[in-house]
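Structural description and commentary
Below are the chains, spelled out letter by letter.
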Amino acid sequence: MADFIGHDTAEAALLAGLSESRLHHAWLLSGPKGMGKASFAVRAARLLLSDSDGADGFDSADTGPASALMRAGSHPDLKILQRLPKKDGQDLEDVTDKTDLKRNISVDQVRQLQPLLGSKTAIASRRVIIIDAADDLERGGANALLKNLEEPPENTVFFLVSHAPQRLLPTIRSRCRVQRFDPLTTERMEDFLSERLPDLGASERSALILASEGSPGRALAMHGLDMAD
């Protein structure tokens, strides 16, 4: 799918770790907004929770029980930490404006992981924690997460999405394998936009490529579409 353009290196790194049984316990997915880092984290989680050995690539996990549970938001071995709605009782899925979200991922949200991390996995051989974005962690939350990264729970993989990794605690960065998502070349942006926006004129496409600075998500946003960071 075009949304996953630019994920080649990250996919290869994760698949290599799986095939060689040396998968790192924490991945820092860094790069500009709009590069699909959160999308990659979800796809990686789907692969890991399907108990695949990765031999057939990421697409092999697009169907099956793990994928169905994730789509329903009910996989017991997956936890995604994000900023919560400001309005009590409001579901995150119902928030259409990011200004309606709280400023940070709180320390209480991180601490609520402990019962999960202190127990055995429910149905998969691994557990996956996604922090989207780690830049949003309040100081106490970052310190609480650091303890889990320093003493990683068994069979648990963390994916930390970060648009500005320099803002993270150096100790968090040092505990993670950094996977960089770099801006796309003009040629790859041409291919991406030609597939996603086939009716776009050449001059408009060139302007969009220039303004988006190699970020496919930013290009889509400028055109009124959306793609996960």
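Residues numbered from 1 in each chain as written. Predicted model: local features only at pLDDT ≥ 70, side-chain atom pairs only at ≥ 80, totals over all residues. Heavy atoms only, no water.

This part covers the overall build of the chain. Each helix and strand counted, the chain has 10 helices and five strands in total. For a compact globule of 229 residues, the expected C-alpha radius of gyration is about 17 Å, and the chain comes in at 18 Å, within 12% of that figure. With respect to the three principal axes, the spread of C-alpha positions in the chain is 55 × 45 × 35 Å. Out of the 229 residues in the chain, the part that is buried amounts to 46%. Counting only contacts in the chain whose residues sit at least 6 apart along the sequence, the fraction spanning at least 24 positions is 73%. Surface exposure of the chain reaches about 11800 Å², of which carbon and sulfur atoms provide 47%. Taking the average place of the 28 positive charges on the side chains of the chain and the average place of its 34 negative ones, the gap between the two points comes to 7 Å. (Helix = DSSP H or I, 4+ residues; strand = E, 2+ residues; numbered from the N terminus. Rg over C-alpha atoms; globule rule 2.2 N^0.38 Å. Buried < 20%, exposed > 50% of the residue type's maximum accessible area, 1.4 Å probe, protein only. Contact = heavy atoms within 4.5 Å. Areas by Shrake-Rupley, 256 points an atom, 1.4 Å probe, with all protein chains shown as cover. Lys, Arg positive; Asp, Glu negative; His and termini not counted. Charge placed at Lys NZ, Arg CZ, Asp CG, Glu CD.)

Before going further, it helps to spend a moment on the packing of helix H1 (residues 8-19) against helix H2 (residues 37-49). Between H1 and H2, the shortest axis-to-axis distance is 11 Å and the interhelical angle comes to 25°. Between H1 and H2, the angle is such that the two are roughly parallel. Like other packed secondary-structure pairs, H1 and H2 cross with a definite hand, here right-handed. Here Ala10, Glu11, Leu14, Leu15 and Leu18 of H1 come into contact with H2, specifically with Phe40, Arg43, Ala44, Leu47 and Leu48. (Axes fitted to C-alpha atoms, helices over the stretch in contact; angles between N-to-C directions. Parallel < 35°, antiparallel > 145°, perpendicular 65-115°, else oblique. Left-handed = near helix turned anticlockwise from the far one by under 90°.)

Another aspect to go through is the nonpolar core. Proteins that are soluble and globular tend to have nonpolar side chains buried together. Residues Leu14, Leu29, Phe40, Val128, Phe159 and Leu193 are the most contacted members of the largest nonpolar core, which totals 38 residues. Examining the composition of this core, we find that eight residues originate from one element, H2, more than from any other. If we ignore the near neighbours within four places in the chain, the residues touching Leu29 are Lys37, Phe40, Ala41, Phe159, Leu160, Val161, Ser162, Gln179 and Phe181. Listed in part, the 23 residues of the second largest apolar core include Ile129, Ile131, Ala142 and Leu169. (Core = buried A, V, L, I, M, F, W, Y, C linked by side-chain atoms within 4.5 Å.)

What follows covers the environment of Leu160. Inspection of the secondary structure assignment puts Leu160 in strand E4 (residues 156-162). You can call Leu160 buried: its relative accessible area is 0%. The contact partners of Leu160, leaving out residues within four places of it in the chain, are Trp27, Leu28, Leu29, Ile131, Ala134, Leu145, Leu149, Ile172 and Cys176.

Overall, parallel pairing links the five strands, which are arranged E2-E3-E4-E1-E5 in an open sheet. Either end of the sheet is taken by a strand with one partner, and the two such strands are strand E2 (78-81) and strand E5 (177-180). Along the sheet, successive strands turn relative to each other by an average axial angle of 20°, direction set aside. As paired elements, E2 and strand E3 (residues 127-132) share four bridges and run parallel to each other. Looking across to E3, one finds that Lys79 is bridged to Ile129. Strands in contact with H1 are strand E1 (26-30), E4 and E5; relative to E5, the strand with the most contacts, it is inclined by about 150°. (Pairing = 2+ DSSP bridges.)

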